[in-house]
Amino acid sequence: MLSFVARVLGLGLFAIGVVALISDGISSIAADRVVMTPLSGSLALIAPDFADRIEAVLKPLIGEAGWAEWGTAVLAWPTLAVAGIIGIFLMLAGARRSPRPARRHAGFPT
């Protein structure tokens, strides 16, 4: 059940990454330069205070210095990279494993 949830969540995040890639590509063509939307910009489109709520939850967990170093850096990364990479890792983590072949023991007739 947990692998199914990981696969579905990973597929959803990967799809968000692909949509961000297409959106940034169209914006790059229109602006005649490379445009990459940061994660904070994409979260602001969902809800204007979403990044602030994430900061309020994570800052007590990782500390002020951790948020200043890592939290702000991750929010500045391109949405396609964050969502796409996390989505791929979740899909790989939830992937079905092929069954292992039965072992043959030496000395036993088959």
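### Overview of the layout of surface pockets
Line of reasoning, step 1. Roughly 180 Å³ of volume is contained in the largest pocket.
Line of reasoning, step 2. Lining the largest pocket are Leu13, Ile16, Leu39, Ser42, Leu43, Ile46, Thr79, Val82, Ala83 and Ile86.
Line of reasoning, step 3. Counting residues per element, the ones that place at least two in the lining of the largest pocket are helix H1 (2–31), helix H2 (39–46) and helix H4 (79–93).

### Focus: H2
Line of reasoning, step 1. Of all the positions in H2, only Leu39, Ser42 and Leu43 are classed as buried. End-on view of H2: buried residues confined to an arc of 100°, all on one side of the axis.
Line of reasoning, step 2. Looking at the buried side of H2, the elements it contacts are helix H3 (50–76) and H4.

### Focus on the pattern of salt bridges
Line of reasoning, step 1. A complete count under the given rule lists three salt bridges for this structure.
Line of reasoning, step 2. A salt bridge links Lys59 to Glu55; the shortest N-O distance between them is 2.9 Å. Of the two residues, Lys59 and Glu55 both sit in helix H3, four residues apart, roughly one turn of that helix.
Line of reasoning, step 3. Taking the relative accessible area as the measure of exposure, Lys59 reaches 23% and is therefore partly exposed.
Line of reasoning, step 4. A relative accessible area of 24% places Glu55 in the partly exposed class.
Line of reasoning, step 5. Each of Glu55, Lys59 and Glu64 takes part in a single network of salt bridges with overlapping partners.

### Overview of the environment of Ser40
Line of reasoning, step 1. Take Ser40: it is sitting in helix H2.
Line of reasoning, step 2. The class of Ser40 is partly exposed, set by a relative accessible area of 29%.
Line of reasoning, step 3. Along the backbone, Ser40 and Ala20 are 20 residues apart, and their C-alpha atoms lie at a distance of 13 Å.

### Thoughts on the nonpolar core
Line of reasoning, step 1. Core analysis: the biggest nonpolar cluster contains six residues, these being Leu39, Leu43, Ala51, Trp67, Leu75 and Val82.
Line of reasoning, step 2. Looking at this core, the elements with two or more residues in it are H2 and H3.
Line of reasoning, step 3. When residues of this core are assigned to their parent elements, the largest contribution, three residues, is made by H3.

### So, the side chain of Ser42
Line of reasoning, step 1. Among the secondary structure elements, Ser42 is positioned in helix H2.
Line of reasoning, step 2. Residues within four places of Ser42 in sequence aside, it is in contact with Thr37 and Thr79.

### A few points about a nonpolar patch on the surface
Line of reasoning, step 1. Where nonpolar side chains cluster on the molecular surface, the patch consists of Phe14, Val18, Ile22, Ile26, Ile85, Ile88, Phe89 and Leu92 and spans about 760 Å² of accessible area.
Line of reasoning, step 2. Going through the elements one at a time, H1 and H4 are the ones with two or more residues in the nonpolar patch.
Line of reasoning, step 3. Looking at where Ile26 falls in the secondary structure, it is placed in helix H1.

### A word on the environment of Ala102
Line of reasoning, step 1. Inspection of the secondary structure puts Ala102 in the segment after H4.
Line of reasoning, step 2. Sequence spacing of Ala102 and Ser27 is 75 residues, and the spatial spacing of their C-alpha atoms is 54 Å.

Conventions used here
Here the residue numbering is sequential within each chain, running from 1 through the sequence in written order. Local features in this predicted model are restricted to residues whose pLDDT is 70 or higher, and side-chain atom pairs enter the listing and the counts only when it is 80 or higher, whereas totals over whole chains, interfaces and linings include all residues. Only hydrogens and water are removed before side-chain values are computed, so all heavy atoms of the structure are retained for them. The method works on a 1 Å grid over the protein atoms by themselves. A cavity is a set of points holding a 1.4 Å probe that cannot get out, a pocket is an open set with protein on both sides within 12 Å along at least five of seven lines, and residues with an atom within 4 Å of a point line them. Grid points are joined across faces, edges and corners, and a volume is the space filled by probe spheres set on the points. Numbering goes from the N terminus for both helices and strands, where a helix is a DSSP run of H or I of at least four residues and a strand is a run of E of at least two. Type-normalised accessible area, obtained with a 1.4 Å probe on protein chains alone, sets the label of each residue: buried when under 20%, exposed when over 50%, and partly exposed for intermediate values. The directions considered for the arc are those from the helix axis to the C-beta atoms. By the convention used here, residues are in contact when the closest approach between their heavy atoms is within 4.5 Å. Salt bridge, as used here: a side-chain nitrogen of Lys or Arg that lies within 4 Å of a carboxyl oxygen of Asp or Glu. Think of a nonpolar core as a cluster: buried Ala, Val, Leu, Ile, Met, Phe, Trp, Tyr and Cys residues, connected wherever their side-chain atoms sit within 4.5 Å. Like charges within 9 Å and nonpolar side chains (Val, Leu, Ile, Met, Phe, Trp, Tyr) within 5 Å are joined into patches, using only residues over 30% in relative accessible area that form no salt bridge. Using a 1.4 Å probe, accessible areas were evaluated by the Shrake-Rupley method; residue-level cover was limited to the displayed protein chains.

Take it as geometry only, folks, not as evidence of what the structure does.
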